[in-house]
Amino acid sequence: MEALRNCSSRARITSASFTNEYHWGDFKGDEDVWIANYFDAFVYYASWGTRTLKLRLPSDLLDAATAKAYCCESSACVKAEPDKVILTFEYMDEDGGSWGDCEDCEICTNAMSSLISVRTELARGDLRLLYLGWLLCVQFDEIDDDMVEPPVPPGLGQLSSSLQNLAEFLHIDFDLLHVAAETSPVLVDTGIDQKILHAWIGELPSTEKDNILTELMLKGNHAPIAVLLQRFLKTQTAQASPLHNERTVGQLRQAAELYAAERRRIEIAKQAKEKARQEREAAIARQKHIHSLIGSETKLWTEINALVEAKNAKSYDRALQLILDLQELAIHSTSIESIHFAQRVKMLYQTQARKAAFIERLRKAGLQE
């Protein structure tokens, strides 16, 4: 905590966290050193468009070779040490982002709490996080079109809330993710049966269990527990394995473009249909309103004159709206009513000639003398 405080006098520091918000300047620490020595997770976002997530896992929980099969470029990379594996996922807006956007972003407001669960899922053997990192590299053209995708993990089309938050945090292209998930096996519920787990633990060597409990009680080290859980899950036949495909990066990109075009076409058609529905409803409502005015013509003309005499913009606007209502009523009435309406408008031009703002409204509405 003392080492962290030397980096910032304003940060909120606890025995388990470092949190700071910079309005001027930027983060002064070395996140690679911090993630290696102090923390399991690091989240960084800036209003100019940069977003970073770093995760540290014990080597026993994540095989470095497996991680490197997915995260092998600058947007998603792996650093392997003898006892730990550090993953880095980074999104950088090529256009420089938009100042102030992050302040309104729900994901950024509580970024760590919304993303940290992906580490737990990965520690249990869920490789979807790694595949999302690979997609991010594809999105930024860091992988050649002729490269074949890595094994597709189960449940890519059934992302957990934390993985969904990650996809949004890193701005992973929705269309690319959709076509990638088309070959992903359905994620089977891996709910743990307590009786089966109890029996499996009972068969473990006593020495191993004693060592794990000692580590947990003396050092608060939960890593061996996570390793044990991962071992148990791998024994469950219901746990699906990643699917090996032969799709190339170029095929994925082309499929994403086709899907995006079709999605936009459907959305445009949907919007047009909704607009037509709203217009029909508005026309019916308008017709009912005009019909309700029948028999009130004399009263409305009196109200119009009173509104004009009020000599303010709001009353002029209201008067014009009533005149237009009466015009529509006259059009659908007898020819005599149309003549009567024209005479009323002409009289307004004569009696209210000095009210230039009102007369201008009449002209713009197409109401001629």
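Residues numbered from 1 in each chain as written. Predicted model: local features only at pLDDT ≥ 70, side-chain atom pairs only at ≥ 80, totals over all residues. Heavy atoms only, no water.

Describing the overall build of the protein
So, step 1. Scanning the protein from N- to C-terminus turns up 17 helices and 6 strands.
So, step 2. By its C-alpha atoms, the protein is 105 × 50 × 45 Å across when sized along the principal axes.
So, step 3. Considering only contacts within the protein whose residues lie at least 6 apart along the sequence, 69% involve residues at least 24 apart.
So, step 4. Accessible surface computed for the protein: about 22200 Å², of which carbon and sulfur atoms make up 53%. (Helix = DSSP H or I, 4+ residues; strand = E, 2+ residues; numbered from the N terminus. Contact = heavy atoms within 4.5 Å. Areas by Shrake-Rupley, 256 points an atom, 1.4 Å probe, with all protein chains shown as cover.)

Re the pattern of salt bridges
So, step 1. Following the criterion strictly, the structure yields 18 salt bridges and no others.
So, step 2. Shared partners join several salt bridges into a network, and the residues in it are Lys 79, Glu 81, Asp 83 and Lys 84. (Salt bridge = Lys/Arg side-chain N within 4 Å of Asp/Glu carboxyl O.)

With respect to the sheet that holds strand E5 (residues 76-81)
So, step 1. Strand order in the open sheet formed by 4 strands is E3-E4-E6-E5, and the pairing between neighbours is antiparallel. Two strands bound the open sheet, and with one partner strand each, they are strand E3 (41-45) and E5. In this sheet, neighbouring strand axes are inclined to one another by 10° on average, regardless of whether the strands run parallel or antiparallel.
So, step 2. In terms of strand pairing, E3 meets strand E4 (residues 50-58) through 5 bridges, oriented antiparallel. (Pairing = 2+ DSSP bridges. Axes fitted to C-alpha atoms, helices over the stretch in contact; angles between N-to-C directions.)

Some details on the state of the cysteines
So, step 1. Within the structure shown, the criterion is met by 0 disulfides.
So, step 2. With no disulfide of its own, Cys 72 lies 5.8 Å from the sulfur of Cys 137, the closest cysteine sulfur.
So, step 3. Taking relative accessible area as the criterion, Cys 72 reaches 42% and is therefore assigned partly exposed.
So, step 4. Of the cysteine sulfurs around Cys 77, a residue in no disulfide, the closest is that of Cys 71, at 7.9 Å.
So, step 5. What makes Cys 77 partly exposed here is its relative accessible area of 27%. (Disulfide = S-S within 2.5 Å. Buried < 20%, exposed > 50% of the residue type's maximum accessible area, 1.4 Å probe, protein only.)

Quick notes on the confidence of the model for the protein
So, step 1. Mean pLDDT over the protein stands at 87; residues scoring 70 or higher make up 92%.
So, step 2. Of all the helices and strands in the protein, helix H4 (residues 106-109) carries the lowest mean pLDDT, 50, while helix H7 (residues 128-139) carries the highest, 96.
So, step 3. Segment residues 99-106: pLDDT under 50, and 9 contacts once partners within four positions in sequence are set aside and those in other chains are kept. (pLDDT = per-residue confidence, 0-100.)

Let's talk about helix H11 (residues 206-219)
So, step 1. For H11, which comprises 14 residues, the first-to-last C-alpha distance of 20 Å matches the rise-based estimate of 20 Å (1.5 Å per residue) to within 8%.
So, step 2. Where H11 terminates, the next one or two residues include Gly 220, which has phi positive at roughly 65°. (Expected span 1.5 Å × (residues − 1).)

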